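Chains, contacts and geometry: an overview
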Amino acid sequence: MAIKILIVEDEPDIRKTLQYNLAKESYDVATAGSISEAKLLTNQNQPHLIILDLMLPDGSGLDFCRDIKSAEDTKNIPVIILTAKTDEVDRVVGFELGADDYVTKPFSVRELVLRVKAILKRGAVETPSDDSSSHNFGGLELNLEAHQVFIDSKEVVLTALEFRLLKHLLDRRGRVQTRDQLLGDVWGYSSEVTTRTVDTHIKRLREKLGPVGDYIQTIRGVGYRFSRNPD
Ligand code: CA
């Protein structure tokens, strides 16, 4: 069964280019030029991944993203946001709403296709936790099934990516992870993508974790390491 991708984009040129390039990779591609059309298509035939433009004729793609991510039957569909706005705020808002990745216009089609592949691969290899369902480290607790993080029993809301990053570092505590390793293991990217992405996400993760964020140590010129012991 082919993997279904829905492209939501009102600019015909971009829509066609994406459709052509993704179809070439053997994906089953559907396109929508508006949110109402995208809703209809999603209800009729649920896609495995959505590529979503933000500025659409009948509203903001962010609202559609929120709807997708808040409904039980669609919340696991990965969403990649396409945005012409380079504004950091929009990026943050996109991730807060649960978007899985974003690409800034003008973008390279090749890079977007790589990201689509990386996200779909991630979904395929992600298996339900088999051993213990939670991880504890000092005041930090990760509930692996619910994808929830608590610090001193108080919940900290992380994006799916931040959660994976934190778990990855915690699982390898005491060992340095280079930026390239993190990109490959957590993002599923090849090193063609800038390693600054890692720094940006580590920074935000640390901010959210507050004092616990200090467990994530920067190893200058190399990468990051989670403390071996919680003290
Ligand atoms: Ca648009």
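Scroll up for the structure.
Residues numbered from 1 in each chain as written. Predicted model: local features only at pLDDT ≥ 70, side-chain atom pairs only at ≥ 80, totals over all residues. Heavy atoms only, no water.

What follows covers helix 2 (residues 35-44). Within the sequence span of helix 2, burial applies to Ile35, Ala38 and Thr42. Seen along its axis, helix 2 keeps its buried residues to an arc of 55°; they face one direction. Opposite the buried face of helix 2, by more than 90 degrees, sit the exposed residues Leu40, Asn43 and Gln44. (Buried < 20%, exposed > 50% of the residue type's maximum accessible area, 1.4 Å probe, protein only. Helix = DSSP H or I, 4+ residues; strand = E, 2+ residues; numbered from the N terminus. Arc of directions from axis to C-beta.)

Our focus in this paragraph is the packing of helix 6 (residues 160-171) against helix 8 (residues 196-209). Contact geometry for helix 6 and helix 8: axes closest at 10 Å, N-to-C directions at 85°. By the angle class used here, helix 6 and helix 8 are roughly perpendicular. Touching Leu161, Glu162, Leu165, Leu166 and Leu169 of helix 6 are His201, Ile202, Arg204, Leu205, Lys208 and Leu209, all from helix 8. The residue inventory of the contact of helix 6 with helix 8, partitioned by class, reads seven nonpolar, one polar and three charged. (Axes fitted to C-alpha atoms, helices over the stretch in contact; angles between N-to-C directions. Parallel < 35°, antiparallel > 145°, perpendicular 65-115°, else oblique. Contact = heavy atoms within 4.5 Å. Nonpolar A, V, L, I, M, F, W, Y, C, P; charged D, E, K, R; others polar.)

On to the coordination of the calcium ion, then. Note on the calcium ion: its protein donors are Asp10 (OD), Asp53 (OD) and Met55 (O). The metal-donor distances range over 2.2 to 2.3 Å. In terms of primary sequence, the donors binding the calcium ion are separated according to D-x42-D-x1-M. Accessibility expressed as a relative area gives 2% for Asp53, which makes it buried. (Donors = N, O, S within 2.8 Å, 3.2 Å for Na, K, Ca; no water.)

The next subject is the nonpolar core. In globular proteins that are soluble, nonpolar side chains generally tend to be buried together. Residues Leu140, Leu166, Leu209 and Phe226 are the most contacted members of the largest nonpolar core, which totals 27 residues. For this core, the elements supplying multiple residues, two or more each, are strand 9 (140-143), strand 10 (148-151), helix 6, helix 7 (179-187), helix 8 and strand 14 (223-226). Here this core gets six residues from one element, more than from any other, and that element is helix 6. With near-sequence residues (within four places) excluded, Phe226 lies in contact with Phe137, Leu140, Leu166, Leu169, Leu170, Arg173, Gly174, Tyr215 and Ile216. (Core = buried A, V, L, I, M, F, W, Y, C linked by side-chain atoms within 4.5 Å.)

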